[in-house]
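Reading the structure
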Amino acid sequence: MRVTNKMIMNNASSNINSAKECVNTRNKQMTSQKKIDRPSDDPVVAVRSLRLSTTLSQVTQYYSKNIPDATSWLDVTETSLINIRSLMTDCRSLAVKGSTDTYNAEDRNTMITQLESLQKQVFAEGNADYAKRTVFTGYRTNSNLVFTEDENDTIYRINQTLSAETDMEEHRYYDGVNKVPTTADEVKNPFLGLDPTDANYTFIDDMEQTNYYRMRLNYGLTDNADSINKMTIKDGNGNQIAEFSYFDTTTGLTEDETDVVVNDNSVQHIDGGINLFVFANETDWSNAEITDATNSSTILSAKGTKTVPDDAIIIIKETGDIILGKNVAASLKNNNATIDIQYDKTGFKEGELRPEYYYNCQKRYDPNDVDTNIPYTKFDENGKRIYFDIEYTVAANQTITINTEACDVFTSDIQRDLAEMIDAVKKTIEAHNKLDEITKMKGESQYASDEYQEYLTTWYDALKKEADYFEDNLQKLFSTELGKIDEYYATISLGITDLGCKKDSLKLTEKRVGDQRETVQGLQSTNDDLDLSQIIIDYTAAYTAYQASLTAAGKLGESTLLNYL
């Protein structure tokens, strides 16, 4: 075959261009230190690179963002629980002190200050937040656990379930609290035999103590608009024992729609052989004559006494106490009964728990919210709790629940128990102040006569009995609270332990994900990167070949047909 100069030059030009492309490729590789510049350079390497990049991006997200964020959330929660547990330790110390008789008036005043401070701090810790997200409120992280200020007009309709097995407890009630006389007439009037209807009539009460079993609502109902709406008692198998409703549905509205509730005992209520009575406060209870709902001529409790008939239930709205008669308490206990009770609560104080985190409820009115009748569901129709978990993905196919709900670590009873402890101390202080007043009066000249000294001695004895009762109640209450605080402490400690287990698990996951990230980075480097020394060698070889091809082509251009003629 005849080879012409043109053919030789074309081939030389093509070879030079190929060598030049090789130099350009090696130059790009030396600059980027990558095997390919575009997928078409090597499709296999490109596909593997995309897969490894995606995996590395996911693993980096877990390692650099999700796991640290979850760890910080757990740290904030743990710190808050440790603080609450420390507060419980302080409460326990006060309970130990209060359950003994080794304290004086100054100690009691100090105790009041400490208890009030603890009460405020316990649930203030419940508003702990991480990055402006509250950690104890489930996925409603934009809302606080407790009210941060008084909300006097806010109204909730709350559904609370109480169990005879866990919520029934014995409680002491006192009748006959005396008022200290301030004038000579008030000192002697009880001894003059005046008609009780006389405007000047005063008397010395004989302090009496009665013990009853009770259950307790989470909130006291102190507003005039507050009401008990309905109550259903069921045995352990779910069979209804008794049901009471105070809804006035004559308007044609449903129970959820109506605000008209009649619970002033103007209508007798009895069902399942149980009489139900609702009083605004203990004074109304003491001043009421309780009659049988089936026969108004049958007096179950005389006026002037705090008595619960054997087959009756009395609800004190102010304290939230559901007080059980002897037969009712025994029946509920034997049947492992529960009480489902619905009530309306108007006005909440700073530091009180928001009902939606503990109960099924409905926000009926909030001056700060344009929406009304907002429902909150904590339990389904079968009474099974609904969990509001926040889950973080911390590894491929692995999630962790990072939040701890308030109802899992501290119950609403803590705040109520502290309030009762404060009330017991205040009553004891008040009783001793009365004794001090009488003692002071006995030393005044206007009461120097034997007659007035005798009157004041009688007053003193009555008030001493009152003080002794309240002293005894304080010691017994604090002794009881000691056991409850230990239970709260154990529950909080269990919550801290659970957080510790989660943190340990998270640390192991972090180590595994960190190792995985290093492995993927190594695989990606092997797939994508070139060794710099090898690139230099390859580039030098390509460049030398290119230069050689140029030299050879130049020599070809010097030879023509004339050289052979």
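In this report, we go over the structure that sits alongside the text. This is a predicted model, so every value here is computed, not measured.

What counts and how
- Residues numbered from 1 in each chain as written.
- Predicted model: local features only at pLDDT ≥ 70, side-chain atom pairs only at ≥ 80, totals over all residues.
- Heavy atoms only, no water.
- Helix = DSSP H or I, 4+ residues; strand = E, 2+ residues; numbered from the N terminus.
- Buried < 20%, exposed > 50% of the residue type's maximum accessible area, 1.4 Å probe, protein only.
- Contact = heavy atoms within 4.5 Å.
- Areas by Shrake-Rupley, 256 points an atom, 1.4 Å probe, with all protein chains shown as cover.
- Axes fitted to C-alpha atoms, helices over the stretch in contact; angles between N-to-C directions.
- Parallel < 35°, antiparallel > 145°, perpendicular 65-115°, else oblique.
- Left-handed = near helix turned anticlockwise from the far one by under 90°.
- Nonpolar A, V, L, I, M, F, W, Y, C, P; charged D, E, K, R; others polar.
- Polar contact = N/O pair within 3.5 Å; in protein donor to acceptor, adjacent residues only side chain to side chain.

With that settled, consider the overall build of the protein chain. Counting secondary structure elements, the protein chain contains 10 helices and 18 strands. Each of the 565 residues in the protein chain was classed as buried or not, and the buried ones make up 41%. Of the contacts formed within the protein chain by residues at least 6 apart in sequence, a portion of 74% connects residues at least 24 apart. Accessible area of the protein chain: about 29,800 Å², with a carbon and sulfur share of 47%.

With that out of the way, let us pick up the packing of helix H3 (residues 105-124) against helix H8 (residues 413-442). Relative orientation of the contacting elements H3 and H8 amounts to 165 degrees, with a least axis distance of 10 Å. Here H3 lies roughly antiparallel to H8, going by the angle between them. Seen from above, H3 lies across H8 with left-handed handedness. Only Ile414, Gln415, Leu418, Ala419, Met421, Ile422, Val425, Lys426, Thr428, Ile429 and His432 of H8 make contact with H3, whose side of the interface consists of Arg108, Asn109, Met111, Ile112, Leu115, Glu116, Leu118, Gln119, Val122 and Phe123. For the contact of H3 with H8, the per-class residue count stands at 13 nonpolar, five polar and three charged.

Moving on, we get to the packing of helix H2 (residues 43-98) against H3. Running from N to C, H2 and H3 cross one another at 155 degrees; their axes reach a closest spacing of 10 Å. For the element pair H2 / H3, the angle class is roughly antiparallel. Between H2 and H3 lies a crossing whose hand is left-handed. Residues Ile84, Leu87, Met88, Asp90, Cys91, Leu94, Lys97 and Gly98 of H2 form the contact with H3, whose own contacting residues are Asp107, Met111, Gln114, Leu115, Leu118, Gln121 and Val122. Of the residues contributing to the contact of H2 with H3, the split by class is nine nonpolar, three polar and three charged.

Here we take up the side chain of Thr137. One can find Thr137 in the loop between strand E2 (133-134) and strand E3 (151-163). Side chain to side chain, Thr137 and Thr134 meet in a polar contact 2.6 Å long. Of the polar contacts made by the side chain of Thr137, one reaches the backbone oxygen of Arg140; its length is 2.9 Å. Excluding its chain neighbours within four sequence positions, the residues that come into contact with Thr137 are Ser143, Asn144, Leu145 and Tyr357.

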